[in-house]
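# Coordinates in review
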Number of protein chains: 2
Amino acid sequence: MAKEISKIVIIGAGFGGIELAKALRNKPIEVLLIDQHNYHNFQPLMYQVATGGLEPGSIAYPVRRIFRRNKNVTFRMAEVQEVVPTENKLLTSIGEIRYDYLVIATGSQNNFFNFEPVKDQLLTLKSIPEALNLRSFIFQNLEKALTNTGDEPLEEIMNIAIVGGGPAGIELAGALAEMKRYVLPKDFPELDLSKMSINLYEASPKLLAAMSEEASAKSLVYLQQLGINVFLNARVQSYDGSKIALEDNTSFRTDTVIWTAGVKGAPIKGLPQSAIIGGNRIAVNEYNQVIAAERIFAIGDVAAHVTPEEPKGLPMLAPVAQQHGKLLAKNIIQLTKDRPMKAFDYSDKGVMATIGRRKAVVDLKVWKFQGTFAWLVWMFVHIMSLVGFRNKIVAFFDWMVNYFTYDRPLGLIIRPYRRENKPLD
Amino acid sequence: MAKEISKIVIIGAGFGGIELAKALRNKPIEVLLIDQHNYHNFQPLMYQVATGGLEPGSIAYPVRRIFRRNKNVTFRMAEVQEVVPTENKLLTSIGEIRYDYLVIATGSQNNFFNFEPVKDQLLTLKSIPEALNLRSFIFQNLEKALTNTGDEPLEEIMNIAIVGGGPAGIELAGALAEMKRYVLPKDFPELDLSKMSINLYEASPKLLAAMSEEASAKSLVYLQQLGINVFLNARVQSYDGSKIALEDNTSFRTDTVIWTAGVKGAPIKGLPQSAIIGGNRIAVNEYNQVIAAERIFAIGDVAAHVTPEEPKGLPMLAPVAQQHGKLLAKNIIQLTKDRPMKAFDYSDKGVMATIGRRKAVVDLKVWKFQGTFAWLVWMFVHIMSLVGFRNKIVAFFDWMVNYFTYDRPLGLIIRPYRRENKPLD
């Protein structure tokens, strides 16, 4: 006798949730996908939206459109408030939702560590509204620099501090450096750009800690070639709105602190306390089942399967989430047939990051390379990963314009940045 | 002896201000262009942003980029608070600005007439943030309709009322009707779209009052073919947030009232009271000089040259503003040479409007036509009018995708609409 699984509820339309729902298309299972936004967004290119290289519409795609032809997949835009595991139900902004099986694919959120008390003063990159805020903030500051009457040092208005030397930090630093070099002299000829420093602070001894030595070393060279001041072993200690201070007592005056120094899981309320482990992630077994809540699964960034080999769980990467989603779809179908599930085994296809035009680093399993070819591979992989034909074409076109004209197409302050606006976005 | 004109200040980077500044490029005159936004936007396509046909980045272009190679044109992003004509200076958000000659090109603003007290409940189309609010509002309401538990009639959530049968109103109505017909059945298969009515109210006896009888009649036919309920001679009287009432005591339940019923001039403070005439416009002479303030000019929507033939001044149209700007540039150069200025004479090249795919109306001086060819002409003219190669290509591409797939590419709720957010935008 096959078990009947009437309803799978997936929370989160990120890489994991979308992949899972896709793999369950047209299967004899009712799937409800929930997200607080009506679109899936391509997180790895968020820094491009922030720096005016791409429009938000190019990296986002309406979730409903992905599942248009699939009658068994339903989407609801809603915020999940809490799960009640004992009753197999969710409390949400659109009422109670019952599930037979629940999949938590809520991803990660910014981790501010010791900067938590000043987080409202920091700029972040985790969502499209955040990226647009960052874009507006930078361009508003350049306008402010033009009319500065000397109350505030020009350096403080123009300087930029980036905290964190992971992929997000170095990609953003590279894009800002190219903007400073190629675009700003044309758009702001009156500004003395020599007063603008871009500093990148990394707490560990190397950039791109998760990548190879070659990638780390080369990305440092690339950033320095672009004029970024990179500080390694540099732990930031405090920020007072105009000066960021380090543990070694040095400091840097700036209005603009961009926080890419860490993420933590974004689990939902109501799970047993024992299920939440280090990094605010949900402990799962090899089938992505939440420990101590058998009808609940967790995939992607929010899930951690702790093993002796991976004492912190796998890194928070899109491919992990996608592979989680794909396997879980198969396992759920196995469950409906009362057959055993298969344990997750991550297949690491490689990691890459780009710093600027013809400057990228790629680590494949057997081959590590950097430079122009790496940059082409990076572009190809990212274009092909965008959802939808229209987005692939428009992003490709914008990058070509950027490459040939040395220009970023989009420097529009569509919605001005205001601090008091931030929580509303 | 030539008069020395050291500084022309232009307020507003709309059609008039941009055209004037362009025509003064590389002339021996110092030009300062001021706008509260850092971009010029193409107002006639605002309804496309609102209905998800184009991204904001496609109809906006950074002002600085237009004047990159022109050392005599400077741009400042600032809000003008007041002009002090007796001292030839402006008070602005970035301090005092002195001028030798001032050009007011501030355009128009929504005119709510008897709906002024409820204007915060209305949706409008005059700026990009307003258009994005409208887009978010419509898609949020569709999501709400899906989870409606019956407290509010489904019709009220889904219905749309458009007030005003001018170009903005009918173009928006057509786009919404096509969205309802081609896109919503695919994206919201669970919704009973027969409960969604789109009503358009026009106070006068005909649509497109400024165009020919043929254009008015045909646009009515087109809208009716698309399923829009058009009400002529229909004066709206009140709106209570859920019901719009007409003077004939009929009413229509709807959450969504889009106001395109009128505009008025947007003059700046500090002008002599006698200079402000009907429609809140600034009275100017045949050289666009403000009556009673000889060092101040006004061009575009905000300016009205009243003559026996044009007792209300020329209509508020982009070509009028552009021709004002072009001639004023010549006249200013004449002034610097102490030569006589030339009187403005509007050359009416024609007017056009589009209702939907292969449905448009064009009035040229000697030829009036409607249908597929009119639609092609409309598309060509609008694509070519967008500023920048990138915007032309991306808009063309999005329209082609739209034409061949019957789909609107972009239905993203990037920033949710919230009433309390509105004044901040």
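What counts and how
- Residues numbered from 1 in each chain as written.
- Chains lettered and ligands numbered in written order.
- Predicted model: local features only at pLDDT ≥ 70, side-chain atom pairs only at ≥ 80, totals over all residues.
- Heavy atoms only, no water.
- Helix = DSSP H or I, 4+ residues; strand = E, 2+ residues; numbered from the N terminus.
- Contact = heavy atoms within 4.5 Å.
- Pairing = 2+ DSSP bridges.
- Axes fitted to C-alpha atoms, helices over the stretch in contact; angles between N-to-C directions.
- Buried area = accessible area lost by both parts, 1.4 Å probe.
- Salt bridge = Lys/Arg side-chain N within 4 Å of Asp/Glu carboxyl O.
- Polar contact = N/O pair within 3.5 Å; in protein donor to acceptor, adjacent residues only side chain to side chain.
- Nonpolar A, V, L, I, M, F, W, Y, C, P; charged D, E, K, R; others polar.
- Buried < 20%, exposed > 50% of the residue type's maximum accessible area, 1.4 Å probe, protein only.
- Least-squares fit on C-alpha atoms with pLDDT ≥ 70 in both.
- Phe/Tyr/Trp six-rings, centres within 6.5 Å; stacked < 30°, edge-to-face > 60°.
- Lys NZ or Arg CZ within 6 Å of the ring centre and 35° of its normal.
- pLDDT = per-residue confidence, 0-100.
- Patch = residues over 30% accessible without salt bridge, like charges linked within 9 Å, V, L, I, M, F, W, Y side chains within 5 Å.
- Areas by Shrake-Rupley, 256 points an atom, 1.4 Å probe, with all protein chains shown as cover.
- Right-handed = clockwise from strand over helix to strand, strands pointing away.
- Parallel < 35°, antiparallel > 145°, perpendicular 65-115°, else oblique.
- Left-handed = near helix turned anticlockwise from the far one by under 90°.

## Re the environment of A:Val290
All names here are of chain A. Along the polypeptide, Val290 turns up in the loop between β20 (281-283) and β21 (296-298). Along the backbone, Val290 and Ala303 are 13 residues apart, and their C-alpha atoms lie at a distance of 8.4 Å. In this structure Val290 touches Ala275, Ile282, Ala283, Val284, Ile296, Phe297 and Ala298, once residues within four positions along its chain are discounted.

## Some words on the sheet that holds strand β1 (residues 7-11) of chain A
Residues and elements named next belong to chain A. Taken in spatial order, the five strands line up as β5-β2-β1-β9-β21 in an open sheet, and their pairing is parallel. Every interior strand has two partners, whereas the edge strands, β5 (73-77) and β21, have only one. Each neighbouring strand pair of the sheet contributes to a mean axis angle of 20°, computed without reference to strand direction. Pairing between strand β9 (residues 101-104) and β21: three bridges, direction parallel. Counted as the bridge partner of Ile104 is Ala298 from β21.

## What to know about the interface of chain A and chain B
With 49 residues of chain A in contact, the opposing surface of chain B contributes 49 residues. Summing both sides of the interface, chain A and chain B together bury roughly 4800 Å²; the carbon and sulfur share of this comes to 52%. Scanning the region where chain A abuts chain B turns up ten salt bridges. Put simply, A:Arg68 and B:Asp187 hold a salt bridge, and the shortest N to O gap is 2.6 Å. Linking chain A with chain B are 14 residue pairs in polar contact (both at pLDDT 80 or more). For the side of chain A that touches chain B, the element with the most residues is helix α5 (residues 128-146) of chain A, which contributes seven residues. Partitioning the side of chain A that touches chain B into residue classes produces 24 nonpolar, eight polar and 17 charged.

## Observations concerning the pattern of salt bridges
Applying the stated rule across the entire model yields 28 salt bridges over all chains. Across the pair B:Arg76 and A:Glu190 runs a salt bridge whose closest N-O atoms are separated by 2.8 Å. In this pair, B:Arg76 sits in strand β5 (residues 73-77) while A:Glu190 sits in the loop between α7 (167-187) and β12 (198-201), so the two residues belong to two different chains. What makes B:Arg76 buried here is its relative accessible area of 13%. In this structure, B:Glu19 and B:Lys326 form a salt bridge, with 3.9 Å as the shortest nitrogen-oxygen distance. A residue pair is termed long-range when its members are at least 10 positions apart, and B:Glu19 in helix α1 (residues 15-23) and B:Lys326 in helix α9 (residues 318-336) qualify at 307 residues. In this structure, a network of salt bridges that share partners links the residues A:Arg65, A:Arg68 and B:Asp187.

## Some points on the relation of the copies chain A and chain B
For these two chain copies, the linking operation is a rotation about an axis paired with a shift along it. Superposition record for chain A on chain B: RMSD 0.0 Å, screw rotation 180°, translation along axis 0.0 Å. Those values place the two copies in the arrangement expected of a two-fold rotation axis. When C-alpha positions in chain A are compared against the rotation axis, the closest is assigned to A:Val394, at 3.4 Å.

## Points about unusual backbone geometry
Residues and elements named next belong to chain A. Phi at Asn26 takes a positive value of approximately 60°, unusual for a residue other than glycine. Relative to the elements of secondary structure, Asn26 occurs in the loop between α1 (15-23) and β2 (30-35). Since its relative accessible area comes to 59%, Asn26 is described here as exposed. Within the chain, Phe113 stands out as a residue other than glycine whose phi angle is a positive 45°. Tracing the sequence through the fold places Phe113 in the loop between β10 (108-110) and α5. Given a relative accessible area of 48%, Phe113 falls into the partly exposed group.

## Regarding the packing of aromatic side chains
Overall, the coordinates contain 26 aromatic pairs over all chains when judged by the stated rule. Above the face of the B:Tyr101 ring, B:Arg295 is positioned so that its terminal group lies 5.1 Å from the ring centre.

## Things to note about the sheet that holds strand β24 (residues 359-363) of chain A
Residue and element names in this part refer to chain A. Strand order across the open sheet formed by three strands is β23-β24-β25, with antiparallel pairing between neighbours. The open sheet has two edge strands, β23 (351-356) and β25 (368-370), and neither has a second partner. On average, each strand axis in the sheet is inclined to that of its neighbour by 5°, with strand direction left out of account. Here β23 pairs with β24 via five bridges, running antiparallel. Looking across to β24, one finds that Val351 is bridged to Asp363.

## Remarks on the confidence of the model for chain A
This prediction gives chain A a mean pLDDT of 93; 97% of its residues lie at or above 70. This prediction of the complex comes with two scores: 0.93 for pTM and 0.90 for ipTM.

## Examining the side chain of A:Glu178
Positionally, A:Glu178 belongs in helix α7. When its relative accessible area of 9% is taken as the criterion, A:Glu178 is described as buried.

## Let's talk about a nonpolar patch on the surface
Together, A:Val366, A:Trp367, A:Phe373 and A:Leu376 make up a nonpolar patch on the protein surface, roughly 460 Å² of accessible area in all. Take A:Phe373: it is sitting in helix α10 (residues 372-385).

## A word on the pairing of strand β2 (residues 30-35) of chain B
All names here are of chain B. A large share of β2 lies buried, amounting to five of its six residues. Where strand β1 (residues 7-11) and β2 come together, five bridges link them in parallel fashion. Directly across from Val9, in β2, lies its bridge partner Leu32. Traced from β1 through α1 to β2, the parallel crossover comes out right-handed. In terms of strand pairing, β2 meets β5 through five bridges, oriented parallel. Across the sheet, Ile34 pairs through a bridge with Arg76, a residue of β5.

## Focus on the packing of helix α11 (residues 389-405) of chain A against helix α11 (residues 389-405) of chain B
Remark: α11(A) packs on α11(B), axes separated minimally by 11 Å, with the N-to-C direction vectors making an angle of 170°. Taken together, the axes of α11(A) and α11(B) are roughly antiparallel relative to one another. For the element pair α11(A) and α11(B), the recorded crossing hand is right-handed. Contacts between α11(A) and α11(B) involve A:Phe389, A:Arg390, A:Ile393, A:Val394, A:Phe397 and A:Asp398 from the first element and B:Phe389, B:Arg390, B:Ile393, B:Val394, B:Phe397 and B:Asp398 from the second. Residues belonging to the contact of α11(A) with α11(B) are distributed by class as follows: eight nonpolar, no polar and four charged.

## Quick word on the pairing of strand β15 (residues 243-246) of chain A
All names here are of chain A. Across three bridges, strand β14 (residues 236-239) lies against β15 in antiparallel orientation. Its bridge partner being in β15, Ser238 is matched across the sheet by Ala245. As consecutive antiparallel partners, β14 and β15 are separated by three residues, and within that stretch Gly241 has a phi angle of approximately 95°, a positive value. Bridging between β15 and strand β16 (residues 251-253) involves three bridges; their strand directions are antiparallel. When the sheet's bridge partners are listed, Lys243 is paired in β16 with Arg253. Two successive antiparallel strands, β15 and β16, enclose a turn made up of four residues, where Asn249 displays a positive phi of approximately 75°.

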